[in-house]
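Spelled out, the chains give:
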Amino acid sequence: MDPTNDPNFTPPSLNKDIQPTAPSSQIPKNIPIEPLVLADLGNAMDAPSPHPSSGRSRVHMVHEDMKADQYKSKIPRKHTDLVNSSSDDDANVPEQILPPSAKVKSTQIADLEEVPQGIQRQSKTLEKYSFPTHRLGTMMRDDTKYPLVIVACGSFSPITYLHLRMFEMALDAISEQTRFEVVGGYFSPVSSNYKKQGLAPAPHRVRMCELACERTSSWLMVDAWESLQPKYTRTALVLDHFNEEINIKRGGIMTQSGEKRGVKIMLLAGGDLIESMGEPDVWADQDLHHILGKYGCLIVERAGADVRSFLLSHDIMYEHRRNFLVIKQLIYNDISSTKIRLFIRRGMSVQYLLPNSVIRYIQEHKLYINETEPVKQVMADKTD
Ligand SMILES: Nc1ncnc2c1ncn2[C@@H]1O[C@H](COP(=O)(O)OP(=O)(O)OP(=O)(O)O)[C@@H](O)[C@H]1O
Ligand SMILES: NC(=O)c1ccc[n+]([C@@H]2O[C@H](COP(=O)(O)O)[C@@H](O)[C@H]2O)c1
């Protein structure tokens, strides 16, 4: 996690020509994510306080919403929910899934579980790029909440079930503990200029993320903008890009009552990434204020990273502490892309660590086979 590997990298403290971040006036007024404030004590944790636009009493609203939302999914699903292929009920099984002439190759069988839906591929050039919105919510489900889009920046070389799980953990934490409504989720793979060891070319990483999203999720999307940039793009500017596309160009999201509302954009990251914010000259202080102050951060705890102590000890983090949500991993998952690459290089199985469609893509494109990443470093870096 270190853009300093880029030969063109200039430490933030020495870089006088650092590209400025978006002015505050262009970013919706920050509403802290902090789930529990003193005023909330005594109320149910998942009960949102009334939105300024709502005249309903809190007690009435909580009761009503809990009943109505009990069996609803937590985000707007524009496409139908995943086809339930695990049902034992024969009546629900379509009589014929494939035409009788179709032959299923043995390598395809596993994919039958991964139902592709909402396919929209990103262009491979910046000229033809357009921001993906096919799974972005267009209307709030609950006007008493605040809209939120989650963005995960990273290498995703390759994307794993842990990266996908991070979004689901975030979704649960947000709906249980905050007054926000998630209206979209994006992977933003870093460009090839990041020069990190084990980084497959950006178009491959984007395509693997797309396969994973379209085949295993009904709400996640991939944005190729960052990966298509001619230079490494700082995360602060990546978040500005999302703000520009969602809030400036599209005016935010429509409420049930017909007005547009600004969408909060938050960075989804693992504890290790957050701790890298304390390393000298990897992140510019102004960027940290921008990311943490104007946007916010959803942090998935990771083994070996004591996020809470770090947040307490770091001055900038502490200043923006109300804009963080630390997400506890209740079922611990530590799938590592580095180890996946090593397994592939050694001809070992990676089944059930990443989607089958991604495994197949890696095989077809012979990715990670000829890596030269030092094994000792791989194991040393990733053992807990
Ligand atoms: N085990 C984990 N627990 C929590 N977060 C994780 C874990 N692994 C990765 N992440 C987070 O996933 C995001 C994307 O990770 P990224 O692909 O850049 O690195 P990685 O998964 O650690 O891969 P690599 O092994 O190549 O460094 C980052 O925010 C990172 O902190
Ligand atoms: N100054 C910065 O904006 C900065 C510094 C370090 C990492 N990052 C980002 O964090 C992510 C980290 O990815 P890795 O954990 O794979 O290195 C990448 O998306 C990278 O662009 C940003």
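Residues numbered from 1 in each chain as written. Chains lettered and ligands numbered in written order. Predicted model: local features only at pLDDT ≥ 70, side-chain atom pairs only at ≥ 80, totals over all residues. Heavy atoms only, no water.

## Remarks on the pattern of salt bridges
Part 1 of the reasoning: Counting across every chain of the model gives 11 salt bridges.
Part 2 of the reasoning: Note that Arg-121 is salt-bridged to Glu-214, the shortest N-O span being 2.4 Å. Residue Arg-121 is located in the loop between helix H1 (58-69) and strand S1 (146-154), and its partner Glu-214 is located in helix H3 (residues 202-216); the two are separated by 93 residues in the primary sequence.
Part 3 of the reasoning: Taking the relative accessible area as the measure of exposure, Arg-121 reaches 35% and is therefore partly exposed.
Part 4 of the reasoning: In this structure, the salt-bridge partner of Glu-259 is Arg-261, at a minimum N-O distance of 3.7 Å.
Part 5 of the reasoning: For Glu-259, a relative accessible area of 36% gives the class partly exposed.
Part 6 of the reasoning: Counted as one network, the salt bridges with shared partners bring together Arg-121, Arg-207, Glu-210 and Glu-214. (Salt bridge = Lys/Arg side-chain N within 4 Å of Asp/Glu carboxyl O. Helix = DSSP H or I, 4+ residues; strand = E, 2+ residues; numbered from the N terminus. Buried < 20%, exposed > 50% of the residue type's maximum accessible area, 1.4 Å probe, protein only.)

## Some details on helix H2 (residues 161-177)
Part 1 of the reasoning: In a regular helix each residue adds 1.5 Å, so 17 residues correspond to 24 Å; H2 covers 24 Å between its end C-alpha atoms and thus fits that length.
Part 2 of the reasoning: Of all the residues in H2, the buried ones are Leu-162, His-163, Leu-164, Met-166, Phe-167, Met-169, Ala-170, Leu-171, Ala-173, Ile-174 and Ser-175.
Part 3 of the reasoning: The residue sitting at the N-terminus of H2 and contributing the capping side-chain oxygen is Thr-160; that oxygen lies 3.0 Å from the backbone nitrogen of Leu-162. (Expected span 1.5 Å × (residues − 1). Polar contact = N/O pair within 3.5 Å; in protein donor to acceptor, adjacent residues only side chain to side chain.)

## Here we look at the confidence of the model for the chain
Part 1 of the reasoning: Here the chain shows a mean pLDDT of 81. Residues at 70 or above account for 72%.
Part 2 of the reasoning: Across residues 104-112 the pLDDT falls below 50, and counting only partners more than four positions away or on other chains, this stretch makes 10 contacts in the model.
Part 3 of the reasoning: Our summary of model confidence lists the complex with pTM equal to 0.82 and ipTM equal to 0.97. (pLDDT = per-residue confidence, 0-100. Contact = heavy atoms within 4.5 Å.)

## Some remarks on the state of the cysteines
A covalent bond bridging the sulfur atoms of two cysteines is what the word disulfide describes.
Part 1 of the reasoning: Counted by the stated rule, this structure contains 0 disulfides.
Part 2 of the reasoning: Lacking any disulfide linkage, Cys-153 is separated from the closest cysteine sulfur, that of Cys-297, by 9.7 Å.
Part 3 of the reasoning: Here Cys-213 is not cross-linked by a disulfide; its sulfur's nearest cysteine counterpart is in Cys-209, at 6.4 Å. (Disulfide = S-S within 2.5 Å.)

## With respect to the sheet that holds strand S2 (residues 180-189)
In any sheet, the strands associate via hydrogen bonds between backbone groups, in a parallel or an antiparallel arrangement.
Part 1 of the reasoning: Taken in spatial order, the 6 strands make up an open sheet running S3-S2-S1-S6-S7-S8, and their pairing is parallel. Looking along the sheet, the strands with just one partner apiece sit at the ends: strand S3 (220-222) and strand S8 (324-327). Taken pair by pair, the neighbouring strands of this sheet meet at an average axis angle of 25°, ignoring direction.
Part 2 of the reasoning: One ladder, built from 3 bridges, connects S2 with S3; its direction is parallel. Each bridged residue has a counterpart across the sheet, and for Phe-187 the counterpart in S3 is Val-222.
Part 3 of the reasoning: This element, H3, spans S2 and S3 of the sheet and lies at about 165° to S3.
Part 4 of the reasoning: On top of the sheet, helix H5 (residues 235-249) reaches S1, S2 and strand S6 (264-270); it is set at about 145° to S6, its chief contact. (Pairing = 2+ DSSP bridges. Axes fitted to C-alpha atoms, helices over the stretch in contact; angles between N-to-C directions.)

## As for the site of ligand 1
Part 1 of the reasoning: Close to ligand 1 lie 22 residues, the nearest being Ser-155, Lys-196, Asp-272, Asp-334 and Thr-338.
Part 2 of the reasoning: Between Lys-196 and ligand 1, the recorded distance is 2.8 Å, taken from a side-chain N or O atom to an oxygen atom.
Part 3 of the reasoning: Measuring from an oxygen atom of ligand 1, one finds a side-chain N or O atom of Asp-272 at 2.5 Å.
Part 4 of the reasoning: Protein contact buries 95% of the 600 Å² of open area that ligand 1 shows by itself.
Part 5 of the reasoning: For the shell around ligand 1, the secondary-structure elements that each account for two or more residues are H2, S6, helix H6 (271-276) and helix H10 (337-345).
Part 6 of the reasoning: Among the residues making up the shell around ligand 1, the classes are represented as 6 nonpolar, 9 polar and 7 charged. (Near = heavy atom within 4 Å. Areas by Shrake-Rupley, 256 points an atom, 1.4 Å probe, with all protein chains shown as cover. Nonpolar A, V, L, I, M, F, W, Y, C, P; charged D, E, K, R; others polar.)

## Comments concerning the environment of Asp-143
Part 1 of the reasoning: Tracing the backbone through its elements, the reader meets Asp-143 in the loop between H1 and S1.
Part 2 of the reasoning: We classify Asp-143 as buried; its relative accessible area is 16%.
Part 3 of the reasoning: Considered as a pair, Asp-143 and Ser-257 are 114 residues apart in the sequence and their alpha carbons are 7.6 Å apart.
Part 4 of the reasoning: A distance of 3.0 Å separates a polar side-chain atom of Asp-143 from the backbone nitrogen of Ser-257.

## Examining the packing of aromatic side chains
Part 1 of the reasoning: Overall, the coordinates contain 8 aromatic pairs when judged by the stated rule.
Part 2 of the reasoning: Taking the centre distance of 5.8 Å and the plane angle of 75° together, the rings of Phe-131 and Phe-242 count as edge-to-face. Residue Phe-131 is located in the loop between H1 and S1, and its partner Phe-242 is located in helix H5; the two are separated by 111 residues in the primary sequence.
Part 3 of the reasoning: The buried category is assigned to Phe-131, whose relative accessible area is 6%.
Part 4 of the reasoning: Arranged with centres 4.8 Å apart and planes meeting at 65°, the rings of Phe-167 and Phe-187 form a pair that is edge-to-face. On the criterion of sequence distance, the pair formed by Phe-167 in helix H2 and Phe-187 in strand S2 is long-range, its members being 20 residues apart. The two residues Phe-167 and Phe-187 agree in class, both being buried.
Part 5 of the reasoning: Taken together, Phe-156, Phe-167, Phe-187 and Trp-219 form an aromatic cluster joined through their ring pairs.
Part 6 of the reasoning: Lying across the ring of Tyr-318, Arg-321 places its NZ or CZ 4.1 Å from the centre. (Phe/Tyr/Trp six-rings, centres within 6.5 Å; stacked < 30°, edge-to-face > 60°. Lys NZ or Arg CZ within 6 Å of the ring centre and 35° of its normal.)

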